[in-house]
Amino acid sequence: MAGLRQRRARRQRALRWVVVSLFAVLFLLPLVAMFEFTTRGAGGGFSWETWRVFFDWGALREAYPILWTGMKASFWLVLLSAAATLVLLVPTVVWVRLRLPRLRRLVEFVSLLPLTIPAIVLVVGLAPVYAWVVYFVGGSSLTLTFAYVILALPFAYRAIDAGLSAIDVRTLSEAARSLGAGWATVMWKVVLPNIRSAVLSAAFLTVALVLGEFTIASLLNRDNIQVAINQLGKSSATMSVAVSLAALVLAFVLLFLLSFAGRRRHRERKTS
Amino acid sequence: MTAPTTGTLDQVKAPTTPRVRGGRRRADLLGVLPFFVFVAVFLFIPTLVVVIGAFGGDDGRPTFANIQALADGYIVDAFVRSITLSALTAVLGAAVGALVAYAVVTAGPDSVVRRLVTSACGVLAQFGGVTLAFAFIATIGISGFVTVFLRDSLGVDIFSGGVWLFDLPGLVLVYTYFQIPLMVIVFLPALDGVRPQWREATESLGGSTWYYWRHVAGPLLAPAFLGSTLLLFANAFSAYATAAALVSQGSPIVPLQIRSALTSEVLLGRENLGKAMALGMVVVVALVMWLYGLLQRRTSRWLD
């Protein structure tokens, strides 16, 4: 029996190395290719020129105004969308758990609904809604926040719901209330610190989603980094490949950090 | 530790609850108002616009003309191509992705390998879009890294039969590239649910590895595998950005047809055709997601 298990462990290790290595090679190949593509010099040699411009923001702004606008818009969109998603969703989900348990299924259903509505479909219906948005708050690219909150709902909901399931919200809030805390205090000082990693993961997922969003921004004629990359691709492929690579790496780092945030919660729970 | 606390608090509160109930209920509902108002404006209204628009003529009167127009040759072709593309990449992605997921699972839940692979998969599966299109242009575009290497070093011209990257075959390749990581992400939890005891039980009863996969793990994982494949299908079917950035000519698939219906000067009497196509997409995705839900319920019976 022990021999069998050992043999199996060895076989699994071999399989793991083969499959994971193949996967790594196949999936790193485009990244390597992107890097090589961006470091081609004028004469066919190696050159850091593209990256030098990329990191010299003054020059970048001069040479590629579209890109600069897109990056700026995406930066604010990321912050606004993550904040708006959390402000809208966290109090609602906590409140429903505490006071309106019957609405829980409904809120879950509604939050997961955007998964069944493709962005390209949503944008068709959003066009008239955005006519009103422009009328009330103007046509800035930052108004995309509204649509992005909807796109982020399913992912943020799942993260927050999982976080809340891991703690006993009701007991915590009743204990705080019985000691004289108001709802704001319960929310801010009791519930929120307990679901910190869930909130963090909801925020990270929203950030990744907003950084990668193209469909809605492009079809509503707004600017963001993906729209800029696409436009730039027609005139300066090298720079748009460089920005693509930087965006992919940034998103990877975000999600890799996120995997640690998630783990820490497990360990805390195990020791307590 | 926690259970008794809940009990006492409930008892303390019980007498006060009935008296103030009606007014408090209403006040409680106010707490979820912002959420529902927001969702109504930015999710329900757009959906209604699509549904109602699909059945409305240019003059606003109800009509079936848009729905009937879905039977036009070029739209049917677009749907067939979309469905074929999605099905093909879903099956390819599911098969390869499941293998990768299994390899990752054997590494243990806290390993660096798993963390690296899942983060990379998260990026490629959900971040994708335009950036992936450019990744492939840099890799196997006309002057891409691999294209140039194959041509100059091995004398192989991958585009000898024409440049296929910017057409359907290119879409199959790039879509598969983001479907595999998505499969890894959605299939991992199911594999995590498989308990080592089941394998030990099979072995102690004399079952071989083949027997274990054929009669124990296979049937247990089958609903999860099928469900994940459906999710991949819906994912590919809804995808727009990659195709928009990659396809250079025409609108071979439905999302691109919707784009041209939205952006080009519309033909007279066809103002709402885009909405009808959008409705068609929703119907397909909703159907697939409904099946997915059914399979999910079956999966969770054993693998939670």
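Each value, and the rule that gives it
- Residues numbered from 1 in each chain as written.
- Chains lettered and ligands numbered in written order.
- Predicted model: local features only at pLDDT ≥ 70, side-chain atom pairs only at ≥ 80, totals over all residues.
- Helix = DSSP H or I, 4+ residues; strand = E, 2+ residues; numbered from the N terminus.
- Buried ≥ 20, exposed ≤ 12 C-beta atoms within 10 Å, placed from the backbone.
- Contact = placed C-beta atoms within 7 Å.
- Rg over C-alpha atoms; globule rule 2.2 N^0.38 Å.
- Nonpolar A, V, L, I, M, F, W, Y, C, P; charged D, E, K, R; others polar.
- Core = buried A, V, L, I, M, F, W, Y, C linked by C-beta atoms within 7 Å.
- pLDDT = per-residue confidence, 0-100.
- Expected span 1.5 Å × (residues − 1).
- Axes fitted to C-alpha atoms, helices over the stretch in contact; angles between N-to-C directions.
- Parallel < 35°, antiparallel > 145°, perpendicular 65-115°, else oblique.

### Digging into the overall build of chain B
Then comes step 1: Helix and strand counts for chain B come out as 14 helices and 0 strands.
Then comes step 2: Start at the N end of chain B and walk to the C end: the helices and strands fall as α-α-α-α-α-α-α-α-α-α-α-α-α-α.
Then comes step 3: Considering chain B as a whole, with its 304 residues, one finds that 39% of them fall into the buried category.
Then comes step 4: Counting contacts in chain B only where the partners sit at least 6 residues apart, residues at least 24 apart contribute 76% of the total.

### Some details on the overall build of chain A
Then comes step 1: Along the backbone of chain A there are 13 helices and 0 strands.
Then comes step 2: Listed N to C, the secondary structure of chain A is α-α-α-α-α-α-α-α-α-α-α-α-α in terms of helices and strands.
Then comes step 3: Its C-alpha atoms give chain A a radius of gyration of 23 Å, clearly above 19 Å, the size a compact globule of 272 residues would have.
Then comes step 4: Considering only C-alpha atoms, chain A reaches an extent of 75 × 75 × 35 Å along its principal axes.
Then comes step 5: When the 272 residues of chain A are sorted by exposure, 42% land in the buried category.
Then comes step 6: Within chain A, contacts between residues at least 6 apart in sequence are counted, and of these 76% link residues at least 24 apart.

### Describing the interface of chain B and chain A
Then comes step 1: Across the boundary between the two partners, chain B contributes 68 residues, which contact 70 residues of chain A.
Then comes step 2: Take the side of chain B that touches chain A: its biggest share by element is 12 residues, from helix H3 (residues 33-54) of chain B.
Then comes step 3: Each residue belonging to the side of chain B that touches chain A can be placed in one class, and the counts come to 45 nonpolar, 17 polar and 6 charged.

### Things to note about the nonpolar core
Then comes step 1: Residues Ala156(A), Ile160(A), Ile216(A), Met183(B) and Val184(B) are the most contacted members of the largest nonpolar core, which totals 160 residues.
Then comes step 2: Apart from residues lying up to four places away in sequence, Ile160(A) is in contact with Leu89(A), Val90(A), Val93(A), Ile195(A), Ala198(A), Val199(A) and Ala202(A).

### Some remarks on the confidence of the model for chain B
Residue and element names in this part refer to chain B.
Then comes step 1: Looking at chain B, pLDDT values average 81 and 88% of them are 70 or higher.
Then comes step 2: Note on residues 1-19: pLDDT is under 50 here. Beyond four places in sequence and across chains, it has 8 contacts.
Then comes step 3: Reported for the predicted complex are a pTM of 0.83 and an ipTM of 0.84.

### A look at the environment of Leu273(B)
Residue and element names in this part refer to chain B.
Then comes step 1: Following the sequence through the fold, Leu 273 ends up in helix H14 (residues 273-300).
Then comes step 2: For Leu 273, a count of 23 C-beta atoms within 10 Å puts it in the buried group.
Then comes step 3: Taking the C-alpha atoms as reference points, Leu 273 and Ala 65, 208 residues apart in sequence, are found 8.8 Å from one another.
Then comes step 4: Sequence-distant contacts of Leu 273, that is, excluding residues within four places in its chain, are made with Asn 66, Ala 69 and Ala 261.

### Thoughts on helix H10 (residues 196-212) of chain A
Then comes step 1: The terminal C-alpha atoms of H10(A) lie 24 Å apart, and with 17 residues this matches the ideal 24 Å at 1.5 Å per residue to within 8%.
Then comes step 2: The buried fraction of H10(A) amounts to 15 of the 17 residues, a majority that puts the element mostly inside the structure.

### Quick notes on the packing of helix H6 (residues 119-137) of chain A against H3(B)
Then comes step 1: Viewed as axis vectors pointing N to C, H6(A) and H3(B) meet at an angle of 100°, and their least axial separation amounts to 8 Å. Judged by the inter-axis angle, H6(A) sits roughly perpendicular to H3(B). Every residue of H3(B) that contacts H6(A) at Val121(A), Leu122(A), Val124(A), Gly125(A), Leu126(A), Pro128(A) and Val129(A) is listed here: Val41(B), Phe42(B), Ile45(B), Pro46(B), Thr47(B), Val49(B) and Val50(B).
Then comes step 2: Of the residues assigned to the contact of H6(A) with H3(B), the class counts are 12 nonpolar, 2 polar and no charged.

### Focus: the confidence of the model for chain A
Low pLDDT means the predicted coordinates in that region are not meant to be read closely.
Then comes step 1: Looking at chain A as a whole, its pLDDT mean stands at 85, while 93% of the residues score no less than 70.
Then comes step 2: Segment residues 265-272 of chain A is flagged for pLDDT under 50; beyond a separation of four residues in sequence, or across chains, it makes 2 contacts in the model.

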